[in-house]
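Coordinate analysis (summary)
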Amino acid sequence: MEEVLKKAICQWCYGKDCRDVLQYEILFGGASLWVSRNASVQKALCEQIEVVIIGDCVDVTGVVASSKIAEYLSVFSIDSFEMAIENLCGVYVIFRHENGYIRVYGDAMHMMSVYYGIGDKQGIVASCEALIVDDPSKVSEVAKKVLAGAYESGLYLAGDMTMYDNVKALLPNHVLDVSRGLTNRYFPRENLQIAKGNAEIDEIIDDTIQYVENSIKGFSAKMSFASPLTPGADSRVNCAFIDKLIPQSDVLYYVIHNNEIKYPPENEELVKRVAFEFGFKKFHFYPEVECFSEDFVNKVKNAFGPTRMWLRKIWAYHPDIADRTIVSGSMIGHILGGTLGRNMPKFLTGLWFLKIAQRNTSHEGGCETKKWYLGAQEATQKGYSILDLWSWEIRCGRWNANTVSRDNIYGIRGVNFYNSHRIIEAWCRIPRHLRIRKIIHKRILEKIAPSVATTPFNPCINKYSTHIPVFMIRFVPLWIRAIGAHLIHKWGLGK
């Protein structure tokens, strides 16, 4: 494992001796926290409070310097601490020690995954499951049943379960008490105030722009960006923000010529058009290539077990990117765009539909989804949509995070300028029926990049559909199609 982690980004383990795998030791809470060679680390101590941050984070309000965040957090009581970390953005994990209690917090959507042991592995917490278990090849029988019921690729397990019986994933908005092996939801703390009228929505958009610009300025001081541009909305917003703040010569703007660009064939012309409207003097169309050797991938599989899709082709990555940080917009469409369920009637958004969203027909997967659903009721009572929470904590916090975790192990660095509780909470205030029309994407572009604001997003996305007659797509809501697909798989039809 040590060999394949040489270029890994921010791998770490606490509560277990990992000196033979991870290079650096940090003494914390009376034990050792082991981190990889390429980890960014901050540590601070104030009286009885110790804080360690692994990874890169910035303050979206622009008040606290990124190099002083651990020091800033170390003076707060636990309630004030949890309020303060809502302003952070990045890919990181925070350890807090006070009076013998060690708590672990992830970033807003856990782009840096956090796993913890239970049973005989209690007290161990790490960036990947293989650093906790003794033999990564011995996976859970329950997990096998869940994977057998999945009809979405990518090893997407339900709830907080992993491939191992004695390892759980810490979900976004939850904190882990390492000493007692307990987790609890710490966010949201307050009732959500739904925006009323255009004035409040514009205020949210203006705040988002300021927060994102603060994030970009903070991150750009320590990394250079590679920003993909696809036919969709998320990447265009990313490029607009970066182009406003950073000289073009310092950024790699590009797209990977994969199936998403080839089909529909009009997509390539659309990307070229948008790049021209941005005024990009250099824009790269990279071929999709196998970026890692078969030998390397096999070594990773052996070291980390069947916990990820260990692929040689990586979305949005090309060797020419080298050490640049890939800008991700994966969260925006799912939460800001209200993708899940779209305009589905609220009375239908119960547990049964969340099981459909899980895209899994197994009984075991349904039980895990139910456990998550019951745990999320506290947040829905504070005004949050159950669909937003699922998109945030499962779709982004487990599915997307699984991919980010794989890329980190490969040594590919990513960043998301919206990965902050402060930003996501503001988005959730905007009614979903407006978000699904991409109102925030459009208004952000109108304000900061009007030259690309009128060009449509993904205009040909349904033109060549093979799943449903094209003329019916506009009349059959997305959520009805999801239900139909689930029933087909459940009944074993079409196989």
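The notes below deal with the structure included here. (Residues numbered from 1 in each chain as written. Predicted model: local features only at pLDDT ≥ 70, side-chain atom pairs only at ≥ 80, totals over all residues. Heavy atoms only, no water.)

Among the nonpolar cores identified, the biggest contains 124 residues, and Leu 73, Phe 95 and Phe 225 are the most heavily contacted of them. Among all residues touching Phe 95, those that are not within four sequence positions of it are Trp 12, Tyr 14, Phe 28, Leu 33, Glu 50, Val 51, Val 52, Ile 54, Arg 103, Val 104 and Val 125. In terms of nonpolar packing, the next biggest core, distinct from the first, is built from 45 residues, Val 21, Tyr 164, Tyr 317 and Ile 412 among them. (Core = buried A, V, L, I, M, F, W, Y, C linked by side-chain atoms within 4.5 Å. Buried < 20%, exposed > 50% of the residue type's maximum accessible area, 1.4 Å probe, protein only. Contact = heavy atoms within 4.5 Å.)

The parallel open sheet is built from five strands, whose spatial order is β15-β14-β13-β16-β17. Strands with a single pairing partner mark the edges of an open sheet, and in this sheet they are β15 (284-287) and β17 (414-415). Examined bridge by bridge, strand β13 (residues 225-228) and strand β14 (residues 252-257) share three bridges and lie parallel to one another. Counterpart to Pro 228 in the pairing with β14 is Tyr 254. Across the sheet, helix α5 (residues 233-245) lies against β13, β14 and β16 (325-327), angled at about 140 degrees from β13, the strand it touches most. (Pairing = 2+ DSSP bridges. Helix = DSSP H or I, 4+ residues; strand = E, 2+ residues; numbered from the N terminus. Axes fitted to C-alpha atoms, helices over the stretch in contact; angles between N-to-C directions.)

Taken in spatial order, the six strands make up an open sheet running β2-β3-β1-β9-β8-β10, and their pairing is antiparallel. Across the chains shown, the open sheet's two edge strands, defined by having one partner strand only, are β2 (24-28) and β10 (167-169). Sheet topology note: the strand β1 (residues 12-14)/strand β3 (residues 31-35) ladder contains three bridges and is antiparallel. The residue of β3 that forms the bridge with Cys 13 is Trp 34.

With that settled, the discussion passes to the environment of Trp 392. Its location among the elements puts Trp 392 in helix α13 (residues 386-410). With a relative accessible area of 0%, Trp 392 lands in the buried category. Spatially, the C-alpha atoms of Trp 392 and Leu 182 are 21 Å apart, while their sequence positions differ by 210 residues. With near-sequence residues (within four places) excluded, Trp 392 lies in contact with Ala 108, Met 109, Pro 172, Asn 173, Phe 187, Ile 335, Gly 397, His 421 and Ile 424. Only 3.0 Å separates the side chain of Trp 392 from the backbone oxygen of Ala 108, close enough to count as a polar contact. (Polar contact = N/O pair within 3.5 Å; in protein donor to acceptor, adjacent residues only side chain to side chain.)

With that settled, the discussion passes to the side chain of Asp 107. Within the fold, Asp 107 resides in the loop between β7 (101-106) and β8 (115-117). A distance of 3.1 Å separates a polar side-chain atom of Asp 107 from the backbone nitrogen of Tyr 92. Polar contacts involving the side chain of Asp 107 include one to the side chain of Asn 419, which spans 3.1 Å. Apart from residues no more than four positions distant in its own chain, Asp 107 is found in contact with Gly 90, Val 91, Tyr 92, Met 112 and Asn 419.

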